[in-house]
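# Understanding the architecture of this molecule
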Amino acid sequence: ILNVEQSPQSLHVQEGDSTNFTCSFPSSNFYALHWYRWETAKSPEALFVMTLNGDEKKKGRISATLNTKEGYSYLYIKGSQPEDSATYLCASVNNAGNMLTFGGGTRLMVKP
Amino acid sequence: GAGVSQSPRYKVAKRGQDVALRCDPISGHVSLFWYQQALGQGPEFLTYFQNEAQLDKSGLPSDRFFAERPEGSVSTLKIQRTQQEDSAVYLCASSFGDTNTEAFFGQGTRLTVV
């Protein structure tokens, strides 16, 4: 994988549903993987920065896992709420370390 | 303020006009990034500063794009002779250290070239 890819591109779920989405990134020269949450008309906000293979991080109802050997990360949201509606971006950093390479994002819409 | 501030929030430019977009990072943040986000896509890297040094400008799409951070704090992204394809949201982000620390983003400048 040469680019950072996210799937699905968009997702509609019902309030209370749990959901997850995927970020695939180049596994060679891996340095760090970032997840951001971007609500309309606001700034992207960091959720997690992960560096170690097998890392699992959690913030409230949101958690993420990291597999650096196969080049993927999952973001999970348990019991989705309407306020979780946002675009979720992941970004990979290689060991040149100069920049975040972003995926296209997953747009989540949670219906009440 | 406590966050990254970008100005203007919105800019409409006539094709061929020069524009300057400003970014005020969080005080003390060493790293500063500029990203371009076209509609429906993820942010694309433009350039990176460490203090006043521009360490990577590989993402700047043409020589019409120029960025500076002369005193290691405020940064300006300048686009000369704007074209319609330059229409996008321009995001600035800063971080205290390396790219294994979270980046803090501004709200972006939406540039529309007509």
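Right, let's walk through the structure included here. If you're wondering where the values come from, they're calculated on a predicted model, not measured in any experiment. (Residues numbered from 1 in each chain as written. Chains lettered and ligands numbered in written order. Predicted model: local features only at pLDDT ≥ 70, side-chain atom pairs only at ≥ 80, totals over all residues. Heavy atoms only, no water.)

### Brief notes about the interface of chain A and chain B
The interface is formed by 21 residues belonging to chain A together with 21 residues belonging to chain B. The three residues of chain A that bury the most area against chain B are W38, N98 and F102 of chain A, which together make up 29% of that side's buried surface. Across the chain A-chain B interface, the total number found is 0 salt bridges. On the surface where chain A and chain B come into contact, there are 6 residue pairs in polar contact (both at pLDDT 80 or more). (Contact = heavy atoms within 4.5 Å. Buried area = accessible area lost by both parts, 1.4 Å probe. Salt bridge = Lys/Arg side-chain N within 4 Å of Asp/Glu carboxyl O. Polar contact = N/O pair within 3.5 Å; in protein donor to acceptor, adjacent residues only side chain to side chain.)

### What to know about the nonpolar core
Counting residues in hydrophobic clusters, the biggest one holds 22 residues, and the most contacted among them are F21, W35, F48, L75, Y88 and L108 of chain A. Within the second largest apolar cluster, 20 residues are counted, among which are A13, F49, C92 and V113 of chain B. (Core = buried A, V, L, I, M, F, W, Y, C linked by side-chain atoms within 4.5 Å. Buried < 20%, exposed > 50% of the residue type's maximum accessible area, 1.4 Å probe, protein only.)

### Examining the sheet that holds strand β8 (residues 72–77) of chain A
Residues and elements named next belong to chain A. The antiparallel open sheet is built from 5 strands, whose spatial order is β1-β3-β8-β7-β6. In this open sheet, the two strands that pair with only one neighbour each are β1 (5–7) and β6 (56–59). Neighbour to neighbour, the strand axes of the sheet diverge by 15° on average, direction disregarded. (Pairing = 2+ DSSP bridges. Helix = DSSP H or I, 4+ residues; strand = E, 2+ residues; numbered from the N terminus. Axes fitted to C-alpha atoms, helices over the stretch in contact; angles between N-to-C directions.)

### Some remarks on the sheet that holds strand β3 (residues 19–24) of chain B
All names here are of chain B. Spatial strand order, β1-β3-β8-β7: 4 strands in an open sheet with antiparallel pairing. At either end of the open sheet lies a strand with only one pairing partner, and these are β1 (5–7) and β7 (65–68). Looking at each pair of strands side by side, their axes are set apart by 15° on average, direction ignored. Bridge count for β3 against strand β8 (residues 75–79) is 5 bridges, and the pairing is antiparallel. Counted as the bridge partner of A20 is K78 from β8.

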